[in-house]
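One letter stands for each residue in the lines below.
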Amino acid sequence: MNSFSKCSPKTDALSLVFAALGGVVLLFLIAPLAGMALGSPFPELVKTAAEAEVRGSIFLTLWTSLAGTLLFSVAAVPLAYLLARKQFPLKQVVSAIIDLPIVVPHSAAGIAILGFIAPSSLLGGAGERAGIHFVGGPAGIIAAMSFVSLPFLINAARDGFAAVPERLEKVALSLGASPTRVFFTISLPLAWRSIVSGLVMMWARGLSEFGAVAIVAYHPIVTPVLIYERFGAFGLKYARPVAVLFLGVCLVFFIFVRFLSRRRNNAAS
Amino acid sequence: MLQVEGAHIRLGGFSLRDVSFTVDEGGYFVLLGASGVGKTVLLEALIGLLPLDAGRILWKGEDITHERLQKRRLGLVYQDQALFPHMPVWRNIAYGMQGAGYARKETRRQVEALADEVGAGDLLQRYPGTLSGGEAQRVALARALAMQPRCLLLDEPLSALDTHARGEMRALLRTFHRKGQTVVHVTHDYEEALALASHIGIMENGTVVQTGSPEEVFHHPKSEFVARFIGIRNVFPGILERNEPPDQDVAPFVSHGVQFWIMTKATPGKGMMIVRSEDITLSRTRPDSSAQNCFSGRVVDVVPARIGLEVYVDIGVMAAALITAGSAERLEVRPGQQVFLSFKASAARFMEE
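As the structure is a prediction and not an experimental result, all values here were calculated from the model.

Conventions and cut-offs
Residues numbered from 1 in each chain as written. Chains lettered and ligands numbered in written order. Predicted model: local features only at pLDDT ≥ 70, side-chain atom pairs only at ≥ 80, totals over all residues. Heavy atoms only, no water. Helix = DSSP H or I, 4+ residues; strand = E, 2+ residues; numbered from the N terminus. Buried < 20%, exposed > 50% of the residue type's maximum accessible area, 1.4 Å probe, protein only. Contact = heavy atoms within 4.5 Å. Areas by Shrake-Rupley, 256 points an atom, 1.4 Å probe, with all protein chains shown as cover. Lys, Arg positive; Asp, Glu negative; His and termini not counted. Charge placed at Lys NZ, Arg CZ, Asp CG, Glu CD. pLDDT = per-residue confidence, 0-100. Phe/Tyr/Trp six-rings, centres within 6.5 Å; stacked < 30°, edge-to-face > 60°. Lys NZ or Arg CZ within 6 Å of the ring centre and 35° of its normal. Buried area = accessible area lost by both parts, 1.4 Å probe. Salt bridge = Lys/Arg side-chain N within 4 Å of Asp/Glu carboxyl O. Polar contact = N/O pair within 3.5 Å; in protein donor to acceptor, adjacent residues only side chain to side chain. Nonpolar A, V, L, I, M, F, W, Y, C, P; charged D, E, K, R; others polar. Pairing = 2+ DSSP bridges. Axes fitted to C-alpha atoms, helices over the stretch in contact; angles between N-to-C directions. Right-handed = clockwise from strand over helix to strand, strands pointing away.

1. Points about the overall build of chain B
Item 1. Looking only at helices and strands, one finds 10 helices and 20 strands in chain B.
Item 2. With respect to the three principal axes, the spread of C-alpha positions in chain B is 75 × 45 × 35 Å.
Item 3. Within the span of chain B, comprising 353 residues, buried residues form 51% of the whole.
Item 4. For chain B, the share of sequence-separated contacts (at least 6 apart) that also reach a separation of at least 24 residues comes to 66%.
Item 5. Carbon together with sulfur atoms contributes 48% to the accessible area of chain B, which is approximately 16,200 Å² in total.
Item 6. Between the centroid of the 38 positive side chains of chain B and the centroid of its 41 negative side chains there is a distance of 5 Å.

Below, the structure written as structure tokens:
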């Protein structure tokens with residue numbers, strides 16, 4: 001709290017009102033999740049965890065989303081750098097295209113991707129010849145997940161690069177470094193925290209994708225689709241433990257990744 | 001020898017026009033100009049970060065205008081140091097050498113030697129975020145020097161430092177200059193320029209309006225801007241009239257209806273009279289001296305200067321006199337006080353327009 005808010009009773013009253021309003025929002029976010037977790041008895045969770053279908057689906061969801069994130073980061077991070085540093089024609093259009101997946105309904109995104117990777121399409125046909133089955137396979141899941149989650153990585157990385165003082169890059173160049181060396185030794189390490197944040201966000205967004213994935217590859221079944229299927233076939237009681245289990249696994253992974261990236265940053269500072 | 005010939009740069013709000021100057025090898029060239037005049041842009045163009053729109057940059061007669069930045073071998077130090085925050089001091093200093101393929105042993109030896117030279121020997125394992133402004137500036141200097149630049153470009157290297165650190169840094173710069181390092185130093189501080197420069201250039205409106213030794217520039221400023229910029233308070237525009245009789249060595253000069261006497265043989269006409277404030281004497285009674293310029297006036301303001309006090313006196317035009325605190329006390333100088341202001345005709349200089 002700064003000295004202004006300390007000595008101003010008017011601001012204090014305002015802060016109280018804002019805190020109360022914020023509390024309502026937080027409650028709205030936490031209550032359904034907490035209710036779901038509390039509504040699933042532990043023995044039921046253990047039983048669900050023992051099911052091969054559930055375990056397989058959680059594992060599939062985790063690795064496909066991670067694979068999509070890592071695969072696309074190779075090209076998305078350089079694109080983010082260009083967006084942060086260079087002026088080029090149609091830059092605004094490029095930025096708008098990157099944000100497109102956020103506003104497109106995910107079922108529509110699924111339909112679009114299906115057309116793009118179907119065996120009759122150029123990419124799908126090439127994949128089939130190389131032995132990669134997009135439709136109904138992990139490759140299709142990866143494509144669908146990446147399509148909807150890429151904006152999170154690109155935007156976070158772009159903000160990270162933009163926050164690196166350009167002067168540091170100029171000094172590095174003046175010391176004889178090539179632009180490639182400047183990117184890998186100055187820009188990338190200094191934007192690292194934002195990039196990791198973007199990677200985590202992209203991974204998380206991929207994990208939670210339902211609409212696009214369900215259209216591209218209902219089977220093999222990813223967890224969000226499994227939860228929907230169980231809810232449709234057997235009702236809330238059977239869907240809930242899977243959801244809680246998936247949520248728990250995701251939380252553990254995110255906390256672990258955040259912890260790792262924080263340790264790295266502490267070492268650097 | 002570094003030569004800049006007719007450099008033109010347009011960048012955003014800046015526009016540098018026809019900038020020309022020469023820096024002798026082993027020389028210390030200070031480019032003086034107000035903030036925002038485009039001095040940093042000029043340095044970035046010299047080092048190769050920005051292209052020139054027109055003009056040439058030469059090193060020992062060889063045109064390096066289009067030479068790649070890596071081959072120019074010029075070193076740059078920014079005012080805010082721009083140290084790499086994620087690297088310890090030693091890696092900051094070693095950055096250029098590591099990229100240039102020096103052997104690890106050689107790099108280490110050079111880094112340690114340089115760090116010792118700039119007084120940063122005990123900072124090598126520290127991160128930039130933990131350094132004081134002076135320490136960071138010394139590390140930035142060592143980092144630029146590690147690549148053995150043919151010429152060191154300094155962008156306001158003392159401006160962000162406290163008085164103590166400034167003194168240390170100044171001594172350091174003088175040491176490297178004495179060892180033969182060629183330096184181009186841009187600043188808005190004319191005292192900094194006086195303390196370090198072997199040559200000075202003055203920038204005004206995006207171009208270099210005067211170059212010369214510090215003595216030349218300070219004693220013969222070419223324009224009112226230069227005179228005011230280097231701290232001369234008394235610059236009066238007016239008309240120099242004809243000597244009567246013509247062989248006399250003093251001539252009347254009229255500015256805003258006030259008539260002065262200047263020792264000059266210059267051709268009559270429009271121009272400026274310059275008198276340094278330290279050459280002006282104040283007294284409570286009309287002085288009986290050889291000073292031909294003597295005026296009665298009212299004290300308008302008394303301002304502490306770096307040393308002594310500057311007293312502004314309204315004699316029809318505003319004139320400034322630099323006096324000691326002791327004199328101010330003895331004369332009881334305060335605003336509203338009537339005083340006599342005098343200076344010799346030989347202390348006044350006429351500059352043709």
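2. Brief notes about the confidence of the model for chain A
Item 1. In this model, chain A carries a mean pLDDT of 90, and residues with pLDDT of at least 70 account for 93%.
Item 2. Low confidence marks residues 1-5 of chain A, where pLDDT is under 50. Its contacts with residues over four positions away, or in another chain, come to 5 contacts.

3. Let's talk about the packing of aromatic side chains
Item 1. What the rule picks out here adds up to 15 aromatic pairs over all chains.
Item 2. Where Tyr-81 of chain A meets Phe-161 of chain A, the ring centres are 5.1 Å apart and the plane angle is 85°; that geometry is what we call edge-to-face. Placement of the pair is Tyr-81 of chain A in helix 4 (residues 52-85) and Phe-161 of chain A in helix 8 (residues 138-162), with a sequence separation of 80 residues.
Item 3. Its relative accessible area of 0% is what places Phe-161 of chain A among the buried residues.
Item 4. Judged by centre distance (5.5 Å) and plane angle (20°), the rings of Phe-225 of chain B and Phe-229 of chain B are stacked. Of the two residues, Phe-225 of chain B and Phe-229 of chain B are both situated in helix 9 (residues 224-229); the distance of 4 residues between them amounts to about one turn of the helix.
Item 5. Owing to a relative accessible area of 17%, Phe-229 of chain B belongs among the buried residues under this scheme.
Item 6. The aromatic ring of Tyr-95 of chain B is capped on one face by Arg-181 of chain A, whose charged end is 4.0 Å from the ring centroid.
Item 7. Sitting over the ring of Phe-84 of chain B, Arg-143 of chain B keeps its end group 4.6 Å from the ring centre.

4. Focus on the interface of chain B and chain A
Item 1. At the junction of the two partners, chain B supplies 24 residues and chain A supplies 19 residues.
Item 2. At the boundary of chain B with chain A, total buried surface from both sides reaches about 1,900 Å², with 64% on carbon and sulfur atoms.
Item 3. Contact with chain A buries area across many residues of chain B, yet Gln-70, His-86 and Tyr-95 of chain B alone supply 31% of it, more than any other trio.
Item 4. On the surface where chain B and chain A come into contact, there are 2 salt bridges.
Item 5. One salt bridge in this structure joins Arg-167 of chain A and Asp-80 of chain B, with 3.3 Å as the shortest N-O distance.
Item 6. The tally of links from chain B across to chain A stands at 6 residue pairs in polar contact (both at pLDDT 80 or more).
Item 7. At the level of elements, helix 1 (39-47), helix 2 (69-72), strand 6 (74-77), helix 3 (89-99) and helix 5 (133-145) of chain B are the ones that each hand at least two residues to the side of chain B that touches chain A.
Item 8. Ranked by residues supplied to the side of chain B that touches chain A, first place goes to helix 3 of chain B with 4 residues.
Item 9. For the side of chain B that touches chain A, the residue count by class is 15 nonpolar, 6 polar and 3 charged.

5. Observations regarding the sheet that holds strand 19 (residues 338-343) of chain B
Residues and elements named next belong to chain B.
Item 1. Ordered by their spatial adjacency, 5 strands build an open sheet running 15-19-16-17-18, and the pairing between neighbours is antiparallel. With partners counted over all chains shown, the strands left at the sheet margins are strand 15 (281-283) and strand 18 (318-323), one partner each. Taking the axes of each pair of neighbouring strands and ignoring which way they run, one obtains an average angle of 45° across the sheet.
Item 2. Where strand 17 (residues 309-314) meets strand 18, 6 bridges bridge the pair, whose relative direction is antiparallel.

6. Focus on the pairing of strand 7 (residues 151-155) of chain B
All names here are of chain B.
Item 1. For strand 7, a buried count of 5 out of 5 residues is recorded, marking the element as mostly surrounded by other parts of the structure.
Item 2. On strand 7, burial covers both faces: Cys-151, Leu-153 and Asp-155 on one face and Leu-152 and Leu-154 on the other are all buried.
Item 3. In this sheet, strand 7 lies alongside strand 6 in parallel orientation, the contact comprising 4 bridges. Counted as the bridge partner of Val-77 is Leu-154 from strand 7.
Item 4. Here strand 7 runs beside strand 8 (residues 182-187); their pairing, made up of 5 bridges, is parallel. The residue of strand 8 that forms the bridge with Leu-152 is Val-183.
Item 5. In the classification by handedness, the crossover that spans strand 7, the intervening helix 6 (residues 163-178) and the parallel strand 8 is right-handed.

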